[in-house]
Amino acid sequence: MDARIISEPSQNKFLVPRKAFTDQAVFEREYAEIFNKCWLYLGHASELPEPGSFLTRKVARRPILFNRDRHGEFHALFNACPHRGAMVCRERHGKSPAFMCMYHGWTFGSDGHLMTLPGAAGYPKDFKTDPQKQMVHVPRLDRIGDFFFLNFSHDGEDLATYLADAGDYLNLVSEHSESGMAVTGGTQEYAIRGNWKLLAENSVDGYHAACTHSTYLEYLKNANGALGATPLEGGGIDLNNGHAVIEYSAPWGRPVASWVPLWGEEGKTEIDGIYGKLQKRLGEKRADRLAHKNRNMIIFPNLVVNDIMAITVRTFFPTAPDYLEVNAWSLAPVEESDWLRKYRLFNFTEFLGPGGFATPDDVEAIEKCQQGYAVGGDAKYNDISKGLAREGEPSFDDEMQMRAFWTEWDRRLSAAED
Amino acid sequence: MNENLILRLTVEDLLIREAHLLDSWQLAEWLTLYTNDAHYYVPPNDVDGDTADPDTSLFYVMDDRKRMEERVVRLGKVGAHSEHPRSKVRHLVTNVQAARENDIVRARASFIVSRAKDITHDLFVGHYLYDLVERDGALKISKKTCVLDMEALRPHARISIIL
Ligand code: FES
Ligand SMILES: [Fe+2]
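This section reports on the structure supplied with the text.

Re the coordination of the iron ion (ligand 2)
Geometrically, a metal with four donors at the corners of a regular tetrahedron has ideal angles of 109.5 degrees, and one with six donors at the corners of a regular octahedron has ideal angles of 90 or 180 degrees. Around the iron ion (ligand 2), the protein contributes the donor atoms A:H208 (NE2), A:H213 (NE2), A:D362 (OD) and A:D362 (OD), which lie 2.0 to 2.5 Å from the metal centre. Counting residues between consecutive donors of the iron ion (ligand 2) along the chain gives the motif H-x4-H-x148-D.

Spelled out as structure tokens, the structure:
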């Protein structure tokens, strides 16, 4: 494959071929080598609150039925009927002990086993228990805390190994709460007319904020009392296996647990209380980090967890080289007060998502990159070298995070060649 | 004329005026149609938009008056890249119903909003829920909820215009 990155750190050189964003063969190979082999985010335990709960969603183009059986066990099934392939469950979410296929009426238990089928007399006696007549489980399903991941490949490293140092950062998100984190309800579901890797880059790109989001930053300055005195500063951390995070302080408030004047004295008492409990539960150091630092993390290949003025969990996958689909959720502590929850959601929508003051401009940047790649010719490469020349730790607005992502991307795609 | 019909025509007049101001990007004037404590909402696609509560559910847009003003300020800047150059916008508003409920007029209408900009042309389809109140002898909007009758914002990606 000629779509290889060029990495020569000693020459301050890191180049990504634009073909990686446009080429149909690269896209097919990404599905074979990345989406069919990596651990992919499926959903959060709080989305299936009780035995019998189910939801359906696409993960990397495949329809999945994610559910709990009557004992509360979690299952991930390919949502296709073993008979002639119709999608079995057609609802987005709900509660059901069984799923009946609308085509010929085969009915499956919540663990996917075939319970009944009309006209059984037309089949041999042991037909119903034939393994091939059952709904198929996704090869591997695993969890870290309440975050569920699936893997479409039967073998390969386990989830904990795969996540490498990103695992502890996911734990840090869970530690926001003593009684559990939950998806707040309401999913932001959108698409972008651009390559999926542009969104992976954008999600951990500290460099673009000042230019792309100038109007948002100006708005923050105007919004009276919305900002504290804390400066925007911090660094990037390579979490291995293609995962990376930027961890930094910022002037905005954090529901857990960093107060800003906008919240008033009453708010201060509440935030102080939350912080005190955090210290007791996690110790000084970890509590301080959890409460006062922001984190934008990419877990290779397509999970973004941003723990900023709210927490967003965002996953996305391509359906073509120039089109991606996104699902984004908001995560919050179960025990959070009504006041703080309201503030969290209000803040989430201010910055994040299709109607926010920032995301639309990220979308614009991504779409314009994709359009720009059409120039082709000698303009073959993107430059991702920012920070290579820096002595010491990478800054949050360097491009180390993207280099970590691209290095893993390149490793996986080129390994398939040899 | 029957009182209900007059009410409906009055509301329709207001909605037509709002559509015109949005289509012609007269956003500062658009704000004058709203009360000082107004709200503008766009719920997401996977909740019941007629009843969803912005205090407990994630929305696409949950603006109070202050944020509506900031939205207008932002959209006036070159740095609002998504709307620079400005997209071509057309609001089609129809099937208006209105009823008085004490001091509030509750209105519903169907909409198709078209947004075209360079390579993209997207249609937003849904219905409006309005709360209207009398201020200084005129009807003003105190709440507008834009419920999208769509499965997802695909391929739209963004609600960078005002629906
Ligand atoms: S395809 Fe499902 S029962 Fe026939
Ligand atoms: Fe951004």
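Some thoughts on the interface of chain A and chain B
With 45 residues of chain A in contact, the opposing surface of chain B contributes 38 residues. Note on chain A versus chain B: buried area summed over both sides is about 3,600 Å², and carbon and sulfur give 51% of it. Taken together, the connections running from chain A to chain B amount to 10 salt bridges. Counting across the interface, chain A meets chain B through 31 residue pairs in polar contact (both at pLDDT 80 or more). When residues of the side of chain A that touches chain B are traced back to their parent elements, those giving at least two are β14 (188–192), α6 (209–212), α7 (214–222), β20 (323–333), α10 (338–351) and α11 (359–372) of chain A. For the side of chain A that touches chain B, the element with the most residues is α10(A), which contributes 8 residues. Looking at the side of chain A that touches chain B residue by residue, the class counts come to 16 nonpolar, 17 polar and 12 charged.

Focus: the packing of helix α5 (residues 196–203) of chain A against helix α12 (residues 400–415) of chain A
A pair of packed helices can be characterised by two numbers: the angle between their axes and the separation between those axes. Close contact between α5(A) and α12(A) brings their axes to 9 Å; oriented N to C, the two are set at 145 degrees. Across from A:W196, A:K197, A:A200 and A:E201 in α5(A), the residues of α12(A) making contact are A:M402, A:F405, A:W406 and A:W409.

Quick look at the sheet that holds strand β5 (residues 62–68) of chain A
Residue and element names in this part refer to chain A. Pairing within the open sheet is antiparallel, and its 4 strands lie in the order β6-β5-β4-β7. On the outer flanks of this sheet lie β6 (74–78) and β7 (93–95), each paired with one strand and no other. On average, each strand axis in the sheet is tilted by 25 degrees relative to the strand beside it, whichever way the strands run. Bridging between β5 and β6 involves 5 bridges; their strand directions are antiparallel. The partner of R68 across the bridge, within β6, is F74.

Here's the deal with the pattern of salt bridges
Counted by the stated rule, this structure contains 45 salt bridges over all chains. Where A:D307 meets A:R295, a salt bridge forms, and the shortest distance between an N and an O atom there is 3.1 Å. A residue pair is termed long-range when its members are at least 10 positions apart, and A:D307 in strand β18 (residues 303–307) and A:R295 in strand β17 (residues 294–299) qualify at 12 residues. What you see here is one network of salt bridges that share partners, running through A:R193, A:E364, A:E367, A:K368, B:K117, B:D118, B:D122 and B:R158.

Rules used in this analysis
Residues numbered from 1 in each chain as written. Chains lettered and ligands numbered in written order. Predicted model: local features only at pLDDT ≥ 70, side-chain atom pairs only at ≥ 80, totals over all residues. Heavy atoms only, no water. Donors = N, O, S within 2.8 Å, 3.2 Å for Na, K, Ca; no water. Contact = heavy atoms within 4.5 Å. Buried area = accessible area lost by both parts, 1.4 Å probe. Salt bridge = Lys/Arg side-chain N within 4 Å of Asp/Glu carboxyl O. Polar contact = N/O pair within 3.5 Å; in protein donor to acceptor, adjacent residues only side chain to side chain. Helix = DSSP H or I, 4+ residues; strand = E, 2+ residues; numbered from the N terminus. Nonpolar A, V, L, I, M, F, W, Y, C, P; charged D, E, K, R; others polar. Axes fitted to C-alpha atoms, helices over the stretch in contact; angles between N-to-C directions. Pairing = 2+ DSSP bridges.

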